[in-house]
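Take a look at the letters that make up each chain.
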Amino acid sequence: MNQIVSIGTSHHVAPIEFREKLAFSEAQLTESLQQLRESYQIHEAVILSTCNRVEVYAVVNSVRTADAAAKMLVEFLSHYHRIGVGSLKKWTYLHHNLETIQHLFRVTTSLDSMVVGESQILGQVKTAYDTSREAGGGGAILNRLFTKAFSVGKRIRSETTIATGAVSISYAAVELAKKIFNTLEGKTVAILGAGEMSELTAKHLVSNGVSNVIVANRTYERAVKVAEKFNGTPIAYDSDLDFLIDADIVISSTDAPDYLIKRQPLANIMRKRRHRYMFLIDIAVPRDIDPDVSKIDHAFLYNIDDLEAVVASNLKDRQQEANRAEQIVTEEAKRFYAQLQIFQVNPTIKALHQQFREIADTELQACFYKATLSDQQEAAVASMTQAIVKKLLHHPMQNLRCAVNDGDADHGQYIQALQELFALDVNDDHSDV
Amino acid sequence: MINFLFLVTLLIYLAASIFQTLSLAISNRSEAVIIRPTIERIAFWGTSIGFAFLSLFITLWWLTQGHFPMTHWTDSTAFFAWAITLIYLIIVRLTQLRTLGSFVMPVAFIAILISYSFATHTAALPEPLQNYWLLAHTSLIFLGYAAFIAAFGFGLMYLIAERKIRQKTDTLFDNLLPSLGVSDELGYRCTILGVILLTMGVIVGSLWTQYIRDVPWRWLDAKVISTLMTWFIYVVQIGLRQLWGWHGRRAAYAAILGFVAVLCTYVGVDLFLDSMHTYR
């Protein structure tokens, strides 16, 4: 019987020092999948290795229990990376069957990520799956499992909002800018003072369409240095803020002790720029921009606390949405597991039916050969034989299906028993799929 | 039969208005992601079907009356609702911004409700007025009004969005309302369209007076003056924008002021002043 098992480690359970020991480089992937095939008879496996997690998903059919299958994976990792079994047990998690499915769905939908709703992981899982397939790790069950995982990922994205709302200050600023301007194309951003945060925000704005960057600093050399990064215009300013006339977005992060941009001067500037919208972002502490500025028409001021509040509220929303997403994942995992069971039982049922029918047919032909019967009699005997076959198979099949649907763990043994008792030749690798 | 059709149209408009408003109202609940697309779809299809019914209805009226139906509150408000819906559907077609419906569809519904409540009344139109001048004059002016109502909708959308940005509220990122720049720009375009249509309607009207012999005409008609005042409000608004960059918030307020002026001209003059343009 097939066991779907996984072993893995992530930022939730292990420090970076351990994760990097367990990581697989791209070259190692092919080699390790080959080793799984040759030394452990594991033909279906996918290895996911990112900076936050290393996970091996495998289908094992050479052993009877999931525990035995999991043990093989531990052995493999311990052997491959030369890590003691003790520390592997301490820093990794093992999942069996339904748990594995649910875990993969949680990973793909970013519910297990450091930032819930992040979009990178889906692509990473896709790449890992493609790479493993190219290296010969694909198979009927994992193909189904991963295809389903991607579709669950899609469903979560369309039915919940876990992936919406900026969760960093710099993205929050970009989202706000998009709420103000009809387009960011052709807009100008001015950076006052230097700092990582303001540069990062400017970078995001530029990648969202902002075309001009003005970098203003008290010392011209510094302005030049930052401006080079954005292909921008450096400006040395003293008290004259007239360069703001062209600025649609202002990011201020100087270490000035007093307000740099006050209400009246800015009102004049706004008049000179014909009251076109200006979005001011004050990430300096102490603040650079007089809060009264927000009373000017078409000037919108957000300081660091405001942006942090936006991020906090988005994070809260995501958390709430994550709960709904968890429910969807659990429900989908259960449904998929049930489908998979039936999918796995079907070949055995089919083989059993076929065997019974073949025996009945052979015996019928023999009977017809020996005795001379009228057409009517032949038909009656044939239909009686079919009825007997059907009735003989009725209870075993019904009970087997029940066991599968109830999630009864015994059904694996039933299948095994059927295959052995009736000497069924079941093609277990589902190569038709 | 016609009355039944009218009732159906009224109910469809009611449903469309409710769903349009609902799609905006539920926007800050988390389940909204699942329900909202359905509600929006119902609202939009309701609007489209309602529009088809109304078109059919006005055509039937036209055929039975033998001239463009523009004699009484009944038919003028029905046409007004038709014009509002038409302009809305064109805007959706061009911009994909369905949210505007939450603001203009209730206005269209009220217009139809008024129309329905007068449904038993019809007024005889003096023979000399029954011609294509009537069609051109009234339909241009009503389409102009409809464009102003779209501008009013964009004005409201602007003010709500601006309020949200200034208050830094949690629901800032639900993506139903367009950005300030978009609302402002589209509102302005609607205003220009409205002014063009209204101007054409007034010119057609004044030319028409040259051809009317049997109906007495006076220039100092209340409706004429009121219409010119409305026209003036919008023209001044455009001028201020071009000359001094009056846009955004001020333009939004001007659109609301203009909306009030349109209502005064259309409803107020009829109810309280004497005019040869009344629908009585």
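Values in this document were obtained by computation on a predicted structure and should not be read as measured data.

Asks: Is there a simple way to think about the overall build of chain B in this case?
Replies: A tally of regular secondary structure across chain B gives eight helices and zero strands. Order of helices (α) and strands (β) in chain B, N terminus to C terminus: α-α-α-α-α-α-α-α. For chain B, the residues scored as buried account for 53% of the 280 residues in total. Sequence-distant contacts, at least 24 apart, represent 81% of the contacts inside chain B between residues at least 6 apart. Put simply, chain B shows about 13,000 Å² of open surface, and 70% of that area lies on carbon and sulfur atoms.

Asks: Help me understand the overall build of chain A in this model?
Replies: A tally of regular secondary structure across chain A gives 14 helices and 10 strands. The C-alpha radius of gyration of chain A comes to 33 Å, more than 25% above the 22 Å expected for a compact globule of 433 residues. Judged by the C-alpha coordinates and their principal axes, chain A covers about 115 × 55 × 30 Å. In chain A, which comprises 433 residues, the proportion classed as buried is 50%.

Asks: Any chance you could explain the interface of chain A and chain B here in plain terms?
Replies: Many authors give the size of an interface as the accessible area that is lost as the parts come together. Across the contact, 30 residues belong to chain A and 29 residues belong to chain B. Summing both partners gives a buried area of about 2,400 Å² for chain A against chain B, and 54% of it is carried by carbon and sulfur. At the junction of chain A and chain B, the tally comes to two salt bridges. Across the pair B:Arg249 and A:Asp297 runs a salt bridge, and its minimum N-O distance is 3.3 Å. The tally of links between chain A and chain B comes to 17 residue pairs in polar contact (both at pLDDT 80 or more). Of all the elements in the fold, those that place two or more residues in the side of chain A that touches chain B are α7 (140-159), α8 (169-180), β10 (299-303) and α12 (304-370) of chain A.

Asks: Is there a simple way to explain helix α6 (residues 120-134) of chain A in this structure?
Replies: Note: α-helices contain 3.6 residues per turn, so residues at a spacing of three or four share the same orientation. All names here are of chain A. Taking 1.5 Å of rise per residue, 15 residues should cover 21 Å, and α6 covers 21 Å from first to last C-alpha, within 8% of that figure. Among the residues of α6, Ile121, Leu122, Val125, Ala128, Tyr129, Thr131 and Ser132 are the ones counted as buried. For α6, the elements touching its buried residues are α2 (26-40), β2 (44-49), β3 (53-60), α5 (97-108) and α7.

Asks: Looking at this structure, how should I read the sheet that holds β2(A)?
Replies: By definition, the strands of a sheet pair up through backbone hydrogen bonds, in either a parallel or an antiparallel sense. All names here are of chain A. Across the sheet, which stays open at both edges, the four strands sit in the order β2-β3-β1-β4 with antiparallel pairing between neighbours. Each edge of the open sheet is held by one strand with a lone partner, namely β2 and β4 (93-96). Geometrically, the sheet is characterised by an average inter-axis angle of 10° between neighbouring strands, direction not taken into account. Pairing analysis gives six bridges linking β2 to β3, with the strands arranged antiparallel.

Asks: Help me out: how do you make sense of the pairing of strand β6 (residues 212-217) of chain A in this one?
Replies: Note on strand geometry: in a regular strand, side chains alternate between the two faces of the sheet. Residues and elements named next belong to chain A. Burial runs high along β6: five of the six residues are buried. Across five bridges, strand β5 (residues 188-192) lies against β6 in parallel orientation. Bridging from a neighbouring strand, Val189 pairs with Val213 of β6. Note on the crossover from β5 through helix α9 (residues 196-207) to β6: the handedness is right-handed. Each parallel crossover has a hand, and for β6 linked through helix α10 (residues 220-230) to strand β7 (residues 233-236) it is right-handed.

Asks: Could you clarify how one ought to interpret the confidence of the model for chain B in this entry?
Replies: Predicted coordinates in regions of low pLDDT should not be interpreted in detail. Of all residues in chain B, 84% have pLDDT values of 70 or greater, and the mean over the chain is 83. Element-level pLDDT for chain B is lowest in helix α1 (residues 2-25) of chain B, with a mean of 84, against a maximum mean of 91 in helix α6 (residues 180-211) of chain B.

Asks: Can you help me understand a nonpolar patch on the surface in this one?
Replies: A contiguous nonpolar patch, built from B:Leu7, B:Leu11, B:Leu14 and B:Ile18 and spanning about 310 Å² of accessible area, is present on the exposed surface. As for its position among the elements, B:Leu14 is in helix α1.

Asks: Where do I start with α10(A) in this structure?
Replies: All names here are of chain A. Those residues of α10 that fall on the buried side of the exposure criterion are Ala223, Val226, Ala227 and Phe230. Taken end-on, α10 shows its buried residues confined to a sector of 105°, consistent with a single buried face. Away from the buried face of α10 by more than 90 degrees, exposed residues Glu221, Lys225, Glu228 and Lys229 are located. Where α10 is buried, its residues touch β5, α9, β6 and β7. Residue Asn231 follows α10 closely and has a positive phi angle near 60°.

Asks: Is there a simple way to explain the side chain of B:Thr9 in this structure?
Replies: Locating B:Thr9 in the fold gives a position in helix α1. Excluding its chain neighbours within four sequence positions, the residues that come into contact with B:Thr9 are B:Gly50, B:Phe53, B:Leu54 and B:Ile112.

Asks: Would you mind showing me how to read the sheet that holds β5(A) here?
Replies: All names here are of chain A. Ordered in space as β7-β6-β5-β8-β9-β10, the six strands form an open sheet in which the pairing is parallel. Single-partner strands in this sheet number two, and they are β7 and β10. For this sheet, the mean angle separating the axes of adjacent strands, direction not counted, is 15°. Bridge count between β6 and β7: four bridges; the pairing is parallel. Considered in β7, the bridge of Asn217 is made with Ala236. In this fold α9 packs onto β5, β6 and β8 (249-252), with an angle of close to 160° to the strand it touches most, β8. Along the sheet face, helix α11 (residues 263-272) touches β9 (278-282) and β10 and points at about 150° away from the line of β9.

Asks: What should I look at first to understand the pattern of salt bridges in this one?
Replies: Under the definition given, this model contains 21 salt bridges over all chains. Of the charged contacts in the structure, one is a salt bridge between A:Glu199 and A:Lys229, with a shortest N-O distance of 2.8 Å. Taken together, the residues A:Glu199 in helix α9 and A:Lys229 in helix α10 connect sequence positions 30 residues apart. The partner of A:Asp306 in a salt bridge is B:Lys168, and the shortest N-O contact between them spans 2.7 Å. Of this pair, A:Asp306 sits in helix α12 while B:Lys168 is found in the loop between α5 (132-167) and α6, placing the two residues in two different chains. When its relative accessible area of 29% is taken as the criterion, B:Lys168 is described as partly exposed. By sharing partners, the salt bridges in this structure join A:Lys148, A:Arg155, A:Glu159, A:Glu331, A:Glu332 and A:Arg335 into a single network.

Asks: How do you make sense of the domain arrangement of chain B when you look at a structure like this?
Replies: All names here are of chain B. Along its sequence, chain B is organised into domain 1 (1-125) and domain 2 (127-280). Listed by partner, the interface residues are 31 residues for domain 1 and 33 residues for domain 2. Each partner contributes to the roughly 2,900 Å² buried at the junction of domain 1 and domain 2, and carbon and sulfur atoms together form 83% of this total. In this assembly, domain 1 and domain 2 are joined by zero salt bridges. Applying the counting criterion to the domain 1 and domain 2 interface returns two residue pairs in polar contact (both at pLDDT 80 or more). In terms of residue count, helix α3 (residues 73-95) provides more of the side of domain 1 that touches domain 2 than any other element does, 11 residues in total. For the side of domain 1 that touches domain 2, the per-class residue count stands at 19 nonpolar, 10 polar and two charged.

Rules used throughout
- Residues numbered from 1 in each chain as written.
- Chains lettered and ligands numbered in written order.
- Predicted model: local features only at pLDDT ≥ 70, side-chain atom pairs only at ≥ 80, totals over all residues.
- Heavy atoms only, no water.
- Helix = DSSP H or I, 4+ residues; strand = E, 2+ residues; numbered from the N terminus.
- Buried < 20%, exposed > 50% of the residue type's maximum accessible area, 1.4 Å probe, protein only.
- Contact = heavy atoms within 4.5 Å.
- Areas by Shrake-Rupley, 256 points an atom, 1.4 Å probe, with all protein chains shown as cover.
- Rg over C-alpha atoms; globule rule 2.2 N^0.38 Å.
- Buried area = accessible area lost by both parts, 1.4 Å probe.
- Salt bridge = Lys/Arg side-chain N within 4 Å of Asp/Glu carboxyl O.
- Polar contact = N/O pair within 3.5 Å; in protein donor to acceptor, adjacent residues only side chain to side chain.
- Expected span 1.5 Å × (residues − 1).
- Pairing = 2+ DSSP bridges.
- Axes fitted to C-alpha atoms, helices over the stretch in contact; angles between N-to-C directions.
- Right-handed = clockwise from strand over helix to strand, strands pointing away.
- pLDDT = per-residue confidence, 0-100.
- Patch = residues over 30% accessible without salt bridge, like charges linked within 9 Å, V, L, I, M, F, W, Y side chains within 5 Å.
- Arc of directions from axis to C-beta.
- Domains from an automatic or database assignment.
- Nonpolar A, V, L, I, M, F, W, Y, C, P; charged D, E, K, R; others polar.

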